[in-house]
Amino acid sequence: MDQRVLISHAAPKDFHGTHNWTKVCTSISSRLPLRNVTLRSPRNASTPIADLNVSLVPLESVREESVSQIPGSVLEKPLLHLYILYCQDDDLEVYRTILKKELKDWHSLVVPKKNSEWLILQIVRPPDPSKTASRNVFRLQGTVQSKLKADFNSDDRDRVVQLTYESDNSNDLIWAELFHKLKEGVSTAFSNAIASRTEEVRRSEGQQSMPGWNFCTFFGLKESLATSYEGVGLAEDAYNSTMSWKRSFSTSHASAISPGSARWSNPVPGDDSAPLLSISKKPYKDLILSNKIAVFDFRIYILARQCELLAKIGSLSDVPRKVASFLGAFSKRLFEVEAHFPKFFVESWIYSSAITAVEQCTAWQRHYDPDGLEKMTVDSGNAELLDLARSQLEVIGIELGYLPREPPFTIGLPKRTRRASVVPADIPITSEDITATVEGQDAFYDIYIRLTSQTLGLYAEGGRRKFALKLHGALAALDLHRGHLYKALTTFSSLHGHYAPHSWTSLESYMLSRALDTHALTKKAQDGEWMHILLNFLKSYVEHRGADMLIPIENPTAYVLKFVVALKEVASATETETRHPDHPAFSIHPDNKAKLAGDRDGSYLGVIVRNYLPCDFEVGEVTVDLHGRDGEKHRFTTPVDTLQPGKNRLTLFCPAPASGLFLIESSEIRAGNLLLQYPQKKVPGKPVTHHEVVKIPPDPLALDVRIFTSRKVDLDQRCLSLKVSSGRNSIQKLELKLTAPSVAFRYREAILDEDAGKVAYESSDSLKIQDIANDAAVGFTIPYVEGVAVQTMRIEVEVTYSTRKEPKLERVLHLVTSLSPSLPVSVNVQDWFRESRLISTFSVSSTTHQHLRVAETQLIAPETEESLKVVPCAVRKGTITITPSQPAKFMFALDAVSGPIKDSLLFIVKYRLLREEVAGIIEDQVRSALSDAGKSQDLRPTVVSRLIESLERDPSWVSMYNITGEIKIPETKLISGADGEMAEVLMDTEKRLEAHRHPETPVGVWRELRLPVDVPLKSIVAITSIRLLGTPFNPNLAADSKAPLYAGQPISAELRIHTSFRWGLDSDASRQYVLNYQIEDMTREWLIGGLKQGDFIAKNDNTYTVPVTLMALHHGEFPLPKIKVEAQLSMRDLTMGGQAPPSVETYQSHSAVKVLVLPRGGRSTYVVAMGSASDS
């Protein structure tokens, strides 16, 4: 509705209609509409209106107010009355004699009008400067403007505006005051009019119970409010006002349009095809004023007005939803009075209303241009309306026999019985599409396909692809009904993949069932594609548990059973394997703990398999895969014939020996070449404890492989040792492979341990062993080459073996172990040179926290050195214990007849860890205890493990064991939890260990470290000595002389330096060297006379002597001075780049000699006169 605010205008008779009058009115109209007008809405909020449409109308054209029961909009009457007069401000006489009377007549006419404002506009010409001075002299009577204000401004408001009009009409500032007054007046008048009309509505609503009250009159008042709001641009307030229309109608008791009366509907030709949202298709206002409107038309009128306002306020997306809600609710009421309409009238009305509403929304879209998101919502709502129209075609098609009475066509079919029409036949169905569908089947199919495709397009544009898929299924069902089998099969087969993400299982199952039925009709072979369709159908069937399914059959269980039987046959006949993950027809729940097999390697795992199908399912095998640390994997399997509906308890077996905690990686059910897989989904960041795990207990009697450092360690070749323990198994054949990063194992050079006995084996790319008896251990030493040196080597062991008891069952043992190439023992060497003897001390220490037991050390001279003889300085008997803080030293003397020694010697250390030694002793004692008691050796691993664990908890037994060999089991709960037989063995073994003593000679298996030792080179060995020759009182002192030496007494001595080149290179024997000697300065003990320092020529096997004199400075026992000998380099050697100085080692042959110096003593004779003889 295009409404404008009316402003009436009037003028004096001599001015009205003149040229100036026309120019003034044109100037005012050119500046319309009014901009930025503030109106007060019903929410008591000031709402700015950007552009308010205003029309100037002559006052005489306005109808006189009359009392009417159906008032119109408040905008039908002028909200403002404008009087325009042309009078100069100094023409008081003209104003008083002519204009004032006409103005008073106009004022008396407009002031009584309700809810309106008035305004006087005085037009003046710009003043003439030449006449201004003369005309303004002695003017004391005032101006025309002041007279106007005095005569007509009765209240506080100023209603007089003066406008200086110029011919060019270009200055907008002169119009500012006028338009400000216009906007103020319009706003005030509109607020007053709305308040007055609101009060009328409230008063009329309160009179509903009074006789003569009419709803149509009341509705007219309410509609006038909405129309008024709409006319000034307050569309949102207008829509809010319409929201009470339906509520008022529902609560009213107007008998003229009471629901259920004969005038509830009065069908006329064209009602079924008229545009739903058009308010001009019928004279609704006249019908309301005449109180002849039917409920059918009245409700449609309300909907059309509301939708029009929604479009104006920018809520176009709400229009399709509102229309759909109205059609759904109102059609139910129409169906209740269906007998009053022609056949298919309601369907035709819904169909036409939905389509015309979509057309109107599309037109509004083009006019109001909503944004992208709003457009998608509108398209989605329009698609729903077209889908509603399409469902009406399905209702008509099913009733006419064009469509089958089955899903998906029956999804929207109302559950009701059609009533016979009592309307005369002269009221026809006027919808062209409905008429065409009734008249011909082909036309129905064309219209149905066209409308469905149009709906699909709108659903896609609105982002509602999930609903579009339903329509694809309807088209496929139509193709199937019309006999287009292959086209229908293609569509049905492709749709389920689109339904699954949306969890629309009912439609998904229907499409899949139709695909299966269509596949049967085409008589195509049941191949992998058919199997895939069937599996997806069973998936949707199970997820619905058979409820609310759209399968058009009476017995769904028999229907499913038929396909399950066919699935087993096809899965067995196909050559390729079909894998299907996470099929909900079954669920597999393993136990949390496995059980050992007991009499053979392997373990059992209990699982519960639930079959959610309504029938038996034939399978071949059920499998559970476990995943452990370091990539270790194990598979539990069992053959199964049939899985019954519900709970099935199964026991699975894994032949591989394993122990520890394992994650359930996946579960599988195999039926022929069909494999249903159930992988366990791992959530990132989720702790392992929240995943399904299985614990497998350790089996002490199973096959085991242990890897440790080689027993014989040679630095020239790296090796490792491994021991294969057969346990309970009598091994028929075994193949062992080792893998490690950057390591190549040389199986061809593998060496069988000496204590392994006679064992048949082959070594090529792996180590193959045959015929290992039960309870046997076979050890090998395998060399390897390491590409990159690492501190810890991670070795993966894979053992494939079969036993004599089960020769056709191949078991695989996968182990991961870490081996440190570093040795637990270190050796340091210190050498002392003599003339023909080299004394070497080897210090053996532990590099770890473990205690070592050393049985023997040897230093072996090479066979090529016949002149070299190695003699141990001390021979220890028994075993020596080495701790990290207490190393052991071994000394050897090397006597060389001639030198030098070119080849390396070999130092051998036989050792083992204290832990290994004690474990071997416990193993032997337990074996003896079981043999003496006549018990099975199967108890041995468990008993040994208990004893070792007890010793590990308390190391107090170690010190006693190192001394005596006794192993005292600490006071722990050794026997708690053990049965009678095991407890007896434990107590017997404990007594045997307490009675154990170290043997005199080392026994058992020892490790051997072989280290090459190079004999060090020394160019010169200087043997120095000081020999005392004599004293003044004893010139010749023999070596064994016991002549006393006194402090302060000079002692003649000889310094002797004997040089030997035996420990140097061969080329050094004929050379000469300049050596320098220095006598130690012992200033507190000795005073030395002679050459205390000097150079001499050193030759091989030559002696240099120097005489010196010694004088003891005090008495006591102290050693002789030491002599330091070193090579002397000349300046030529230093400046000319000569060869390096020779290495010199000095041996003080007199270093152990001490001299006893006595204090100096003396004797004097004195003659004392005792007197003369005469005196006596």
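Residues numbered from 1 in each chain as written. Predicted model: local features only at pLDDT ≥ 70, side-chain atom pairs only at ≥ 80, totals over all residues. Heavy atoms only, no water.

Under the annotation held in an unreviewed UniProt entry, the chain carries the name Trafficking protein particle complex subunit 10 and is attributed to Coprinellus micaceus. In the Subcellular location (unreviewed entry) part of its UniProt record, the chain is described as follows: "Golgi apparatus". (UniProt positions renumbered as here; feature names shortened; annotations may be inferred.)

*Asks:* Can you help me understand the overall build of the chain in this one?
*Replies:* If you tally the helices and strands in the chain, you get 24 helices and 49 strands. Among the 1176 residues that make up the chain, the fraction classed as buried is 47%. Put simply, 74% of the contacts in the chain that link residues at least 6 apart link residues at least 24 apart. Carbon and sulfur atoms form 51% of the exposed surface of the chain, whose accessible area is close to 59,300 Å². (Helix = DSSP H or I, 4+ residues; strand = E, 2+ residues; numbered from the N terminus. Buried < 20%, exposed > 50% of the residue type's maximum accessible area, 1.4 Å probe, protein only. Contact = heavy atoms within 4.5 Å. Areas by Shrake-Rupley, 256 points an atom, 1.4 Å probe, with all protein chains shown as cover.)

*Asks:* Sorry, what's going on with the packing of aromatic side chains here?
*Replies:* For any pair of aromatic rings, the description consists of the separation of the ring centres together with the inter-plane angle of the planes. Throughout the structure, instances matching the rule amount to 34 aromatic pairs. Measuring from centroid to centroid gives 5.0 Å for Tyr559 and Phe563, while their planes differ by 85°, and the two rings are edge-to-face. Taken together, the positions of Tyr559 and Phe563, both in helix H19 (residues 556–573) and four residues apart, correspond to about one turn of that helix. Assigned by exposure class, Tyr559 and Phe563 land together as buried. Seen from their ring centres, Phe833 and Trp1063 are 6.0 Å apart, and the 65° between their planes marks the pair as edge-to-face. Taken together, the residues Phe833 in strand S31 (residues 825–833) and Trp1063 in the loop between strand S41 (1050–1060) and strand S42 (1073–1079) connect sequence positions 230 residues apart. Trp1063 carries the same exposure label as Phe833, and that label is buried. Within the aromatic cluster, the residues linked to one another by ring pairs are Tyr402, Phe409, Phe444, Tyr445 and Tyr448. Lying across the ring of Phe653, Arg600 places its NZ or CZ 3.9 Å from the centre. (Phe/Tyr/Trp six-rings, centres within 6.5 Å; stacked < 30°, edge-to-face > 60°. Lys NZ or Arg CZ within 6 Å of the ring centre and 35° of its normal.)

*Asks:* Teacher, can you tell me more about the environment of Ile120 here?
*Replies:* By the secondary structure assignment, Ile120 is in strand S6 (residues 117–124). Sequence separation of Ile120 and Leu103 is 17 residues, and the distance between their C-alpha atoms is 9.0 Å.

*Asks:* In this structure, what is going on with the packing of helix H2 (residues 92–110) against helix H4 (residues 144–152)? I would like to understand it.
*Replies:* Geometry of a packed helix pair, given as the angle between the helix axes and the separation of the axes. Interhelical geometry of H2 versus H4 gives an angle of 35° and a closest axis separation of 11 Å. When the axes of H2 and H4 are compared, the crossing they make is right-handed. Contact residues: Leu92, Tyr95, Lys100, Leu103, Lys104 and His107 in H2; Val144, Lys147, Leu148, Asp151 and Phe152 in H4. Looking at the contact of H2 with H4 residue by residue, the classes come out as six nonpolar, one polar and four charged. (Axes fitted to C-alpha atoms, helices over the stretch in contact; angles between N-to-C directions. Left-handed = near helix turned anticlockwise from the far one by under 90°. Nonpolar A, V, L, I, M, F, W, Y, C, P; charged D, E, K, R; others polar.)

*Asks:* Looking at this model, I keep getting lost on the sheet that holds strand S33 (residues 852–860). Mind explaining?
*Replies:* Sheet strands associate in pairs through backbone hydrogen bonding, adopting either a parallel or an antiparallel arrangement. Pairing in this open sheet of five strands is mixed, and the strands run S21-S38-S37-S33-S35 from one edge to the other. For this open sheet the edge positions go to strand S21 (712–714) and strand S35 (880–882), each flanked by a neighbour on one side alone. On average, adjacent strands in this sheet sit at an angle of 30° to one another, irrespective of strand direction. Note: S33 against S35, three bridges, orientation antiparallel. Bridge pairing links Arg853 to Thr881 in S35. Where helix H20 (residues 914–933) meets the sheet, it contacts S33, strand S37 (905–913) and strand S38 (1007–1013), and its direction lies at approximately 55° from that of S37. (Pairing = 2+ DSSP bridges.)

*Asks:* In this structure, what is going on with the confidence of the model for the chain? I would like to understand it.
*Replies:* Close inspection of predicted coordinates is inappropriate in any region flagged by low pLDDT. Averaged over the chain, the pLDDT score is 83; the fraction of residues at 70 or greater is 88%. The spread of mean pLDDT over the elements of the chain runs between helix H24 (residues 1131–1135), the lowest at 50, and strand S11 (residues 603–611), the highest at 95. Throughout residues 133–140 the model reports pLDDT below 50, and contacts reaching past four residues in sequence, or to other chains, amount to three contacts. Here residues 253–262 scores under 50 on pLDDT; set against residues more than four positions off or in separate chains, the count is twelve contacts. (pLDDT = per-residue confidence, 0-100.)

*Asks:* Explain the packing of H20 against helix H21 (residues 940–953) to me, please; I cannot follow it from the model alone.
*Replies:* Contact geometry for H20 and H21: axes closest at 10 Å, N-to-C directions at 140°. Taken together, the axes of H20 and H21 lie oblique to each other. Pair H20 / H21 crosses with right-handed handedness. Between H20 and H21, the residues in contact are Arg915, Val918, Ala919, Ile922, Glu923, Val926, Arg927 and Leu930 and Arg940, Val943, Val944, Leu947, Ile948, Leu951 and Glu952, respectively. Partitioning the contact of H20 with H21 into residue classes produces ten nonpolar, no polar and five charged. (Parallel < 35°, antiparallel > 145°, perpendicular 65-115°, else oblique.)

*Asks:* For this particular structure, what's the right way to read helix H9 (residues 295–312)?
*Replies:* Given 3.6 residues per helical turn, the α-helix brings residues three or four places apart onto the same face. Over its 18 residues, H9 runs 26 Å from end to end, which matches the ideal 26 Å to within 8%, given 1.5 Å per residue. With 17 of its 18 residues buried, H9 lies for the most part within the structure. Looking one or two places after H9, you find Gly314, whose phi comes out positive at around 85°. (Expected span 1.5 Å × (residues − 1).)

*Asks:* Which parts of the structure should I look at to understand the pattern of salt bridges?
*Replies:* Where charged atoms from two side chains of opposite charge come close, those side chains can pair. A full pass over the atoms with the stated rule returns 56 salt bridges. For Arg746, the salt bridge identified is with Glu749, shortest N-O distance 3.9 Å. You can call Glu749 partly exposed: its relative accessible area is 37%. Here Lys1018 ties to Glu1145 by a salt bridge, and the two come within 4.0 Å at their closest N and O atoms. Taken together, the residues Lys1018 in the loop between S38 and strand S39 (1020–1030) and Glu1145 in strand S48 (residues 1144–1148) connect sequence positions 127 residues apart. Each of Glu230, Arg305, Glu308 and Lys312 takes part in salt bridges that share partners, so that together they form one network. (Salt bridge = Lys/Arg side-chain N within 4 Å of Asp/Glu carboxyl O.)

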